[in-house]
Amino acid sequence: MASGDHYFSTAPESETNLRPITVRLAGQTYELTTANGIFSPERIDTGTRVLLDHVPSAPPGGQFLDLGCGWGPLALTLALESPHATVWAVDVNTRALDVVRLNAQKLGLTNVNPVTPDDVPDDVMFTTIWSNPPIRIGKDELHNILTRWLPRLEPGSDAWLVVQRNLGSDSLQRWIEATMPELKTTRQAISKGYRVLRSHRPARAAQE
């Protein structure tokens, strides 16, 4: 990366250097593309792999959100598993969005929308959210992101987050519980120093 580049930069300053990557998603091996200036361009990072290994299969349809999509391993998995769903691949890094778009085209996926946060319509509610959130942007900004998106879960739906233990997974769980009590947040798995958190919005009580 250029000296001023971070994977959460809106527009990395370095020249784009596309590179091939071989990955296993949704039970199959694919040849995809990554680039410099985005998150974990060399491989599926450990946290994302832990999430993929422990999250249940995606619902058959609906509006899905990959929050902080990077080059797209979560969004592409969601789209492969649920071809009738609409997958919103959200990131502030426009280079990452370009790479997700390229990878979706390679896989023949037409149900992936790589967009910046402000390009998601305000009325879209999500059937599931999968995220390896950008912990290193700082606690305040992370909290702002989660309070923006987690309340948009549909009733009866789940958000799945993976967070490194030594970067505050337990305190983040407590914060979600205190800030969004309408969500039931539990620790679902522990692996390789990561925690997988599930935030569930209960279904509305049946109308009499």
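Model, not experiment: these values are computed from the prediction.

Draft legend 1. Fine view of the nonpolar core. Judged by nonpolar contacts, the single largest core of 38 residues is most densely connected at Leu25, Leu32, Leu51, Trp71 and Trp130. Elements supplying a minimum of two residues to this core: strand E1 (18-25), strand E2 (28-35), helix H1 (46-54), helix H2 (73-81), strand E4 (86-90), helix H3 (94-106), strand E7 (153-164) and strand E9 (194-200). Once residues within four sequence positions are removed from consideration, Leu32 is found in contact with Arg19, Pro20, Ile21, Val23, Leu25, Trp71, Leu76, Asn103, Lys106 and Leu107. Core analysis: the next-biggest nonpolar cluster, separate from the first, contains 25 residues, Phe126, Trp149, Leu150 and Ile176 among them.

Draft legend 2. Structural context of H2. Of all nine residues in H2, seven are buried, a share of seventy percent or more. Those residues of H2 that sit buried are Pro73, Leu74, Ala75, Leu76, Thr77, Leu78 and Ala79.

Draft legend 3. Region of the structure containing the pattern of salt bridges. For the coordinates displayed, the defined rule picks out six salt bridges. Close ionic contact of Asp158 with Arg198 constitutes a salt bridge, the shortest N to O distance being 2.9 Å. Here the residue Asp158 occupies a position in strand E7, and Arg198 occupies one in strand E9, the gap between them amounting to 40 residues. Take Asp158: its relative accessible area is 15%, and that puts it in the buried class. With a relative accessible area of 25%, Arg198 lands in the partly exposed category. Taken together, the salt bridges that share partners define one network made up of Asp170, Arg187 and Arg195.

Draft legend 4. Here's a closer look at unusual backbone geometry. At Ser40, a position not held by glycine, the phi torsion is positive, near 50°. Within the secondary structure, Ser40 is located in the loop between E2 and H1. Even without being a glycine, Lys192 presents a positive backbone phi close to 55°. For Lys192, a relative accessible area of 63% translates into the label exposed.

Draft legend 5. Region of the structure containing the packing of aromatic side chains. Applying the stated criterion across every chain, the model contains one aromatic pair. Between Phe126 and Trp149, the aromatic rings sit 6.1 Å apart at their centres with planes inclined by 50°, giving tilted as the arrangement. Of this pair, Phe126 sits in strand E6 (residues 126-131) while Trp149 sits in helix H4 (residues 139-149); the two residues are 23 residues apart in sequence, bridging distant segments of the chain. Residue classification places Phe126 among the buried positions, given a relative accessible area of 0%. With a relative accessible area of 2%, Trp149 lands in the buried category.

Draft legend 6. Representation of the side chain of Ser157 within the structure. Within the secondary structure, Ser157 sits in strand E7. Residue classification places Ser157 among the buried positions, given a relative accessible area of 4%. A polar contact of 3.1 Å, which involves the side chain of Ser157, links it to the backbone oxygen of Thr127. Residues contacting Ser157, with those up to four places away along its chain left out, are Phe126, Thr127, Ser199, His200 and Arg201.

Draft legend 7. Region of the structure containing the sheet that holds E7. Read from one edge of the open sheet, seven strands run E5-E4-E3-E6-E7-E9-E8, paired in mixed fashion. This sheet does not close on itself; its edge strands, each paired only once, are strand E5 (112-115) and strand E8 (184-191). Along the sheet, successive strands turn relative to each other by an average axial angle of 15°, direction set aside. By the bridge criterion, four bridges tie strand E3 (residues 63-67) to E6 in an arrangement that is parallel. Across the sheet, Phe64 pairs through a bridge with Thr128, a residue of E6. Sheet strands touched by H2: E3, E4, E5 and E6. Its angle to E6, the strand with the most contacts, is close to 140°.

Conventions we followed
- Residues numbered from 1 in each chain as written.
- Predicted model: local features only at pLDDT ≥ 70, side-chain atom pairs only at ≥ 80, totals over all residues.
- Heavy atoms only, no water.
- Core = buried A, V, L, I, M, F, W, Y, C linked by side-chain atoms within 4.5 Å.
- Buried < 20%, exposed > 50% of the residue type's maximum accessible area, 1.4 Å probe, protein only.
- Helix = DSSP H or I, 4+ residues; strand = E, 2+ residues; numbered from the N terminus.
- Contact = heavy atoms within 4.5 Å.
- Salt bridge = Lys/Arg side-chain N within 4 Å of Asp/Glu carboxyl O.
- Phe/Tyr/Trp six-rings, centres within 6.5 Å; stacked < 30°, edge-to-face > 60°.
- Polar contact = N/O pair within 3.5 Å; in protein donor to acceptor, adjacent residues only side chain to side chain.
- Pairing = 2+ DSSP bridges.
- Axes fitted to C-alpha atoms, helices over the stretch in contact; angles between N-to-C directions.

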